[in-house]
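Structure assessment
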Amino acid sequence: MGAIRLGLLVDSDAYGGAEAYVRQLLRRLPAQFDRHLVVAEPVAPWFDDLDGHCASSTWVPVLRGREWVPELTRRLGQVGADVWHVNLVDPASNRAVLAAACAAAPTVATLHMPGTVPDGLGAPDGPYARVSAVVAVSAQIAELLHGRLGMPPERVVRVRNGVDLPTALVCSPPRSLPYRPPRVGAVGRLTGQKGFDVLTAAVALLIGRGRVVEVVVAGEGRDRRALEAGAAGLPIHFTGFVADVPAFLEGLDVFCLPSRREGLPLTLLEAMARGLPCVATRVGDIPEAVGDAAVTVRPEDPVALADALERLIAEPARRRRLGERARAVAVERFDAADMVDPVAGLLRAAATGPCAAPDHPRRSRTSPSTAPTDSS
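The paragraphs below set out a description of the structure included in this document. Treat the numbers as computed from the prediction; the structure is a model and nothing was measured.

**Here's the deal with the sheet that holds strand β1 (residues 4-10)**
Sheet strands line up and pair through hydrogen bonds in the backbone, either parallel or antiparallel. The strand order across the open sheet built from 7 strands is β3-β2-β1-β4-β5-β6-β7, with neighbouring strands paired in parallel fashion. Sheet topology places β3 (56-60) and β7 (156-158) at the edges, where each strand pairs with a single neighbour. Across the sheet, the mean angle separating the axes of adjacent strands is 20° when strand polarity is ignored. Relative to strand β4 (residues 83-88), β1 is paired through 5 bridges, and the arrangement is parallel. Among the inter-strand pairings, L6 is bridged to a residue of β4, identified as V83. In this fold helix α1 (residues 17-28) packs onto β1, β2 (33-40), β4, β5 (107-111) and β6 (133-136), with an angle of close to 155° to the strand it touches most, β4. The sheet contacts of helix α13 (residues 336-352) involve β1, β2, β4, β5, β6 and β7, and relative to β4 the element is tilted by about 135°.

Structure below.
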């Protein structure tokens, strides 16, 4: 099979796990794919180091929340892609870019989060009716695509997220260091979805119980100022965006992700892969995917979260055992190669097979002059 000209479209206002997913595709897709990135301006800088994996990279404004953007359709047509991949943060926010991609070439999308489905989004003439396939990262998302958006089962493919697996544990075993308290860390967008306000309430409870703890939260987002105000006087530090997540994780004793909603978060999988004991909420595919390799609690429950963190803070040996179990499960289930391979298959099928919709014009195939190097 010859080269496939692939467009990857990222319409996001902040960098997080959904955007890290596209980085994995750019880095790991086979060299057969001639990759052309179209990325929203706020997150474009976080893809600059991947120039060697892209034949071209174009910045566009954030278009989230829009219904239709004719100018984008024209620009995507100029890329001449055989197939587009569209990164969907939730079902509705990125509908303009999904519609534009579907109008330009056969399209495969990945939906990362459940969310509100406006009336008419799944209409017969809507973008979800024209997409060739949608990757669902969780069972809940697959059910939403079937039930709320009316997608046929054969066009919904459930593929778990995956991460790079270090050859050895990056994080050192739990320590008992006289010069600092146990350090709990979290990574994610600073929005209500991630539940960092619940973590703040849990830390206040721990301090009230006499526990000594340090908390660091990496990430940016629209709620940063409110979160910092809510954490005033508590040992919680918001670091802002962290480019080197593995280095950030290496400095932690416990990883915590108190989300209100998730599919299957990459940051949790990264922490597990590095042997960190993890506390997360029972949302999305987290309980099924991690089993007993992480402590899970109800969302929106600061008391349960404080209890879980307190047990791990107080018991270094328990942290060690849980971290070892987390690492083993990550190696078994969450290798990024196991995520990228089926997505590559869907992209090939969309680029070379029958069009998803009868009235979709098949673009003529163009052979790229240069294919990026595959690093996998």
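**A few points about the packing of aromatic side chains**
Scanning all chains against the criterion turns up 3 aromatic pairs. A centroid spacing of 6.3 Å and a plane angle of 65° characterise the contact between Y15 and F47, whose relative ring orientation is edge-to-face. Of this pair, Y15 sits in the loop between β1 and α1 while F47 sits in the loop between β2 and β3, placing them 32 residues apart in sequence. Taking relative accessible area as the criterion, F47 reaches 3% and is therefore assigned buried. Relative accessible area serves as the criterion here: at 19%, Y15 is assigned to the buried category. Each member of the aromatic cluster is reached from another via a ring pair, and the members are Y15, W46, F47 and F241.

**A short note on the nonpolar core**
Ranked by size, the top nonpolar core spans 62 residues in total, and within it L37, F47, F255, L268 and M272 carry the most contacts. Looking at this core element by element, the count peaks at 8 residues for α13. The next biggest cluster of nonpolar side chains, apart from the first, holds 37 residues, and it includes V38, L63, V79 and V156.

**Points about the state of the cysteines**
What we call a disulfide is simply a covalent bond connecting the sulfur atoms of a pair of cysteines. The tally for this structure, following the rule as stated, stands at 0 disulfides. Of all cysteine sulfurs in the structure, the one in C278 sits closest to C256, which takes part in no disulfide; the separation is 9.3 Å.

**Quick word on the packing of helix α11 (residues 302-314) against helix α12 (residues 316-333)**
Running from amino to carboxyl end, α11 crosses α12 at an angle of 105°, the nearest separation of the two axes being 5 Å. In terms of orientation, α11 and α12 fall into the roughly perpendicular class. In this structure, α11 uses R311, L312, I313 and A314 to contact α12, whose residues at the interface are P316, R318, R319 and L322. Across the contact of α11 with α12, the residue classes tally to 5 nonpolar, no polar and 3 charged.

Rules and cut-offs
Residues numbered from 1 in each chain as written. Predicted model: local features only at pLDDT ≥ 70, side-chain atom pairs only at ≥ 80, totals over all residues. Heavy atoms only, no water. Pairing = 2+ DSSP bridges. Helix = DSSP H or I, 4+ residues; strand = E, 2+ residues; numbered from the N terminus. Axes fitted to C-alpha atoms, helices over the stretch in contact; angles between N-to-C directions. Contact = heavy atoms within 4.5 Å. Phe/Tyr/Trp six-rings, centres within 6.5 Å; stacked < 30°, edge-to-face > 60°. Buried < 20%, exposed > 50% of the residue type's maximum accessible area, 1.4 Å probe, protein only. Core = buried A, V, L, I, M, F, W, Y, C linked by side-chain atoms within 4.5 Å. Disulfide = S-S within 2.5 Å. Parallel < 35°, antiparallel > 145°, perpendicular 65-115°, else oblique. Nonpolar A, V, L, I, M, F, W, Y, C, P; charged D, E, K, R; others polar.

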